[in-house]
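# Working through the structure, step by step
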Amino acid sequence: MVALDLDEMQQMLQELAHQFALDEIRPNAEYWDKESEYPLQAIKAADELGLLNLHIPEAYGGAGLGSMEEVVVTEELAWGDPGFATAAYATSLAIAPIITGGTEEQKQKWLRKVAEEGALASYCVTEPQAGSDVASITTTAVKDGDEYIINGEKMFITGAGYADFFFVLTKTDLNAGYRGMSGFVVESNAEGVSLGKKESNMGQRCSDTRSVIFNNVRVPASQLIGGSESGGWMNAMNAFDMSRPNIAAQATGLARAAFEHALQYSDERETFGQKLHQHQAIQFMLADMKTKVEASRLLTWKSAALADAGQKNTEAAAHAKRFAADAAMEVSTDAVQVFGGYGYSEEYPVARLMRGAKVLQIYEGSSQVQRMIIGREMLRGL
Ligand SMILES: Cc1cc2nc3c(=O)[nH]c(=O)nc-3n(C[C@H](O)[C@H](O)[C@H](O)COP(=O)(O)OP(=O)(O)OC[C@H]3O[C@@H](n4cnc5c(N)ncnc54)[C@H](O)[C@@H]3O)c2cc1C
């Protein structure tokens, strides 16, 4: 089912993304991280090259490519810098609920804004008191004539400071649990929308993360995604099936970069009269790092290929995201170990990669949440 060779188009995209990572991302990554600078110009440049939001259908001005193309490109961008990849991917996640559940009119309007005008968007689900437990969000949307009034606060929203519009998950029925949830598109300049300060994160510091506050924000009913209430939960979750292969690809790219740095360093550094990789303990560490990169990619490709074949990929995406995120944390930590004291210094890139890996185990469903999903799918029908 999963082809292990990339076709010509996929290879071309991979080369384009790799070259972009070499020319535009790697030379700036340390600076962006140190200065916590959002890489806006580089995101726009990647978009113009056709490396972002690949899954917007042609009918709405997009490239109409699949999940496989996305993960191949994302691995290269994250190999360039994981913070850049997270920042650049925010829009893709935010528009996924529109692609999977939006009305024709909504697709024409919001997807075209991204594909043709380069609009940026953010996915607003997490709240100060509700992260993993999405069903306990308290942001409300109350119908008032042909409008809804939204009140609530969203937390840790990637790209919020630069977004033109948001996907916002709300409750239209507070007593119906996840069945009472509805998703909306809200423009970032709507009256009553305000932003918190940029979070000072451990890693991926160039990515913009902040809270978004909705205070009596009026949105036209035409911005209720799908046109009817209570489809919000499925919509937000379907978006994750689409996005998790991508996070797994980010993790694969990060781990590959960390492994390559460590391999190279182990060929340059000598201890006790031998290159580092001639010590078996180090060679075995490098061998395990490489296995983890390869396994991460295979799981990622499988979850992407299932999505492209129109098959349910919930479990496969959870395997890929969980394994690749944990592997990225382990591989980048081992890369720091191979570098010894130099690895602990910010003068070498492995420290930045290790700091950047941690969030992959936390966002878009933590590693524990992925295990909950795998457990649920595994036990179904017993
Ligand atoms: C840099 C960054 C960017 C982000 N970007 C976005 C974004 O763009 N949009 C958005 O909506 N959100 C975003 N998030 C939020 C992210 O998705 C949440 O942080 C994540 O879902 C975890 O939620 P929480 O932080 O509330 O932790 P909690 O849900 O409070 O969990 C705390 C810990 O307990 C574990 N845990 C929780 N419940 C269980 C359980 N039942 N069994 C076992 N373990 C459990 C979790 O895995 C975690 O380790 C971002 C977060 C970060 C840090």
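Conventions adopted
Residue positions are counted from 1 within each chain, in the order its sequence is given. For this predicted model, a pLDDT threshold of at least 70 governs which residues receive local features, and a threshold of 80 or more governs which side-chain atom pairs are given and counted, while totals over whole chains, interfaces and linings are taken from all residues. A run of H or I in DSSP becomes a helix once it reaches four residues, and a run of E becomes a strand once it reaches two; helices and strands are each numbered from the N terminus. Backbone-placed C-beta atoms define the burial measure: a residue is buried with 20 or more other C-beta atoms within 10 Å of its own, exposed with 12 or fewer, and partly exposed in between. Contact criterion: two residues are in contact if their C-beta atoms, reconstructed from the backbone, are within 7 Å. Nearness rests on one distance test: the residue's C-beta atom, set from the backbone, must lie within 6 Å of the molecule or strand. Only Asp, Glu, Lys and Arg are considered charged in this grouping, and only Ala, Val, Leu, Ile, Met, Phe, Trp, Tyr, Cys and Pro are considered nonpolar; every other residue, Gly among them, is considered polar. Strand pairing follows a simple DSSP-based rule, namely that at least 2 bridges must link the two strands.

Glancing now at the environment of A87. Position of A87 relative to the elements: it lies in helix α4 (residues 82–101). Taking the C-beta count within 10 Å as the criterion, A87 has 26 such neighbours and is therefore assigned buried. Sequence separation of A87 and Q204 is 117 residues, and the distance between their C-alpha atoms is 8.7 Å. Not counting residues within four places of it along the chain, the set of residues in contact with A87 comprises Y38, P39, I43, G159, C206, S207 and D208.

Topologically, E199 is positioned in the loop between β6 (193–195) and β7 (209–220). What makes E199 partly exposed here is the crowd of 16 C-beta atoms within 10 Å. Each C-alpha atom, one on E199 and one on I213, is 15 Å from the other, the two residues being 14 residues apart in sequence. Setting aside residues up to four positions removed in sequence, E199 forms contacts with F156, T209 and R210.

Taken together, 21 residues sit near the ligand, with T126, G131, S132, T158 and S366 positioned nearest. Looking at the shell around the ligand, the elements with two or more residues in it are β1 (121–124), β3 (147–158) and α11 (367–379). Among the residues forming the shell around the ligand, the class breakdown is ten nonpolar, nine polar and two charged.

This part covers the pairing of strand β4 (residues 165–171). A regular strand places its side chains so that they alternate between the two faces of the sheet. Of all the seven residues making up β4, seven are buried; the element is thus mostly covered by neighbouring parts of the structure. Residue alternation in β4 divides its side chains into two sets, F165, F167, L169 and K171 and F166, V168 and T170, and both sets are buried. Here β1 runs beside β4; their pairing, made up of four bridges, is parallel. Paired with C124 across the strands is V168, a residue of β4. By the bridge criterion, seven bridges tie β4 to strand β5 (residues 181–187) in an arrangement that is antiparallel. Looking at β5, one finds that L169 is bridged to G183.

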